[in-house]
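Survey of secondary and tertiary structure
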Amino acid sequence: MSKLLENVLIANIYLQPVQLSLSIVTNILNIRILCSRNLRKSPCTHYFLAYAILSIIYTCLACLTQFLRGFYIDWANGKIGCKIHFYVLFLIPFQANLMLILASFDRYCSSSKSRRIHSRGTIRTARIYIVLGTLLSAIYMSPMLTIYNWIEIYHKCIPQINIISNIYTFSQVFLYYLMAPLLMIIFGFLTISNIGRQSARAKLLTVSIRRRRTERQLSRMLLFQIIVHVILILPFGIIYYINILKPSTRTPNVLAIRYISVMWQQCDYFVSFFLYVFSGRVYRQELSNLIRSNGFKSRRRQLRNDIQQFTLIPTSMLPAIRAKDVFI
């Protein structure tokens, strides 16, 4: 084991709990705010909700895996763990990535002037796409269960090196790291173009202005998230593809760099909250309403407790209490 790899494993012991806490807290806030009355009416919000749920699931598994590696515990060791480990930890990011693609497509449909395209941007359609996308991606990633095998002699979980596995791995890299960002960018530019064309006409309309502003802010939130998403996932994708094509590159130092890129990629699953706050005024308003409502509920709960405590005081003690208060 190299010194770099040892330092990375030690750093995971301290960093992974922080990343886990940030991801759980921020995504729970995302879910709570996105379920508000103003935001849940948009189909795009449902893709954001699916992304938040997948982010919590992935972070719980990935952070726990990275944390245990700091103590030289790897649940990928063994015939069953070897297969499930890589299947699950590659499947969930793939599904989360798909939610961003579908959200980008929804923004394009919602901003389109074509009635046929615009009709696809509905909540019912979004739910169908989420379910179908989740099932199809689970089927597509199923070859991961056969590619990775536990080699007892080396005590390592190693992928098979053959033409079929290389083609499948290339398809993964192509879809996740090339095709997906390209689709997000294309739909993003088309959405911006559609919004620009409709801006002049929108000024003449007075109906559903608030709804239209919400849709635009959701588009802005998605655009910022896509840009940061691409920046965070690319380093791991490059190292992963090099390791698959050239097994000789799986050295301890390269493995350490791969673990660092995993930590970098994990930031993608809690940074969305800060991007939403930064880019979406409607999101900030809903967050402010949530904070105020919780503060009001806590004060009302405290008042109710005070009233209940007061009602538990025996009637015979009331004169004595009053007399004592007067004396004081």
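Right, let's walk through the structure included here. Everything numeric in this text was worked out from a predicted model, so none of it was measured. (Residues numbered from 1 in each chain as written. Predicted model: local features only at pLDDT ≥ 70, side-chain atom pairs only at ≥ 80, totals over all residues. Heavy atoms only, no water.)

Section: the state of the cysteines
What the rule picks out here adds up to 1 disulfide. Between the sulfur atoms of Cys-82 and its disulfide partner Cys-157 the distance amounts to 1.7 Å. Taking the torsion about the S-S bond as the criterion, the Cys-82 to Cys-157 disulfide, at about 70°, is right-handed. Placement of Cys-82 in helix α3 (residues 79–111) and of Cys-157 in strand β2 (residues 156–159) is noted, with a sequence separation of 75 residues between them. An identical accessibility class is assigned to Cys-82 and Cys-157; each is buried. (Disulfide = S-S within 2.5 Å. Helix = DSSP H or I, 4+ residues; strand = E, 2+ residues; numbered from the N terminus. Buried < 20%, exposed > 50% of the residue type's maximum accessible area, 1.4 Å probe, protein only.)

Considering the environment of Ala-256
You can see Ala-256 is positioned in helix α9 (residues 252–266). Here Ala-256 falls in the buried class, since its relative accessible area comes to 0%. Residues Ala-256 and Glu-6, spaced 250 residues apart in sequence, show a C-alpha to C-alpha distance of 8.1 Å. In this view, Ala-256 contacts Leu-4, Leu-5 and Val-8; residues no more than four positions away in its chain are not counted. (Contact = heavy atoms within 4.5 Å.)

Focus: α9
Here α9 contains 15 residues, and its C-alpha end-to-end distance of 21 Å stays within 8% of the 21 Å for a straight helix at 1.5 Å per residue. Among all positions in α9, only Ala-256, Arg-258, Tyr-259, Ser-261, Val-262, Met-263, Gln-265 and Gln-266 are buried. (Expected span 1.5 Å × (residues − 1).)

Notes on the pattern of salt bridges
For the coordinates displayed, the defined rule picks out 2 salt bridges. Of the charged contacts in the structure, one is a salt bridge between Arg-69 and Asp-74, with a shortest N-O distance of 3.7 Å. What makes Arg-69 buried here is its relative accessible area of 13%. The partly exposed category is assigned to Asp-74, whose relative accessible area is 23%. In this structure, Asp-106 and Arg-107 form a salt bridge, with 2.8 Å as the shortest nitrogen-oxygen distance. Its relative accessible area of 3% is what places Asp-106 among the buried residues. (Salt bridge = Lys/Arg side-chain N within 4 Å of Asp/Glu carboxyl O.)

Digging into the layout of surface pockets
Here the largest pocket is characterised by a volume of approximately 1,300 Å³. Surrounding the largest pocket, 45 residues form its lining, Arg-69, Asp-74, Phe-86, Leu-255 and Tyr-259 being those nearest its centre. Residue assignment for the lining of the largest pocket shows that the elements contributing at least two residues are α1 (3–34), α2 (43–69), α3, β1 (148–151), β2, α7 (163–202), α8 (209–245) and α9. If one sorts the elements of the lining of the largest pocket by residue count, α9 sits on top with 7 residues. A per-class count over the lining of the largest pocket returns 30 nonpolar, 10 polar and 5 charged. (1 Å grid on protein atoms, 1.4 Å probe; cavity = no way out; pocket = protein on both sides within 12 Å on 5 of 7 lines; lining within 4 Å. Points joined across faces, edges and corners; volume = space filled by probe spheres on them. Nonpolar A, V, L, I, M, F, W, Y, C, P; charged D, E, K, R; others polar.)

Examining the packing of aromatic side chains
Under the counting rule described, the total for this entry stands at 22 aromatic pairs. Members of the aromatic cluster, connected to one another through ring pairs, are Phe-48, Phe-273, Phe-274, Tyr-276 and Tyr-283. (Phe/Tyr/Trp six-rings, centres within 6.5 Å; stacked < 30°, edge-to-face > 60°.)

Examining the nonpolar core
Ranked by size, the top nonpolar core spans 58 residues in total, and within it Phe-48, Met-99, Met-141, Met-144, Tyr-148, Tyr-240 and Tyr-283 carry the most contacts. If you tally residues by element for this core, the top one is α3, at 15 residues. Those residues within four positions of Met-144 in sequence are excluded, and the remaining contacts are Lys-83, Phe-86, Tyr-87, Phe-90, Tyr-168, Gln-172 and Tyr-240. Core analysis: the next-biggest nonpolar cluster, separate from the first, contains 6 residues, Leu-5, Val-8, Tyr-259 and Met-263 among them. (Core = buried A, V, L, I, M, F, W, Y, C linked by side-chain atoms within 4.5 Å.)

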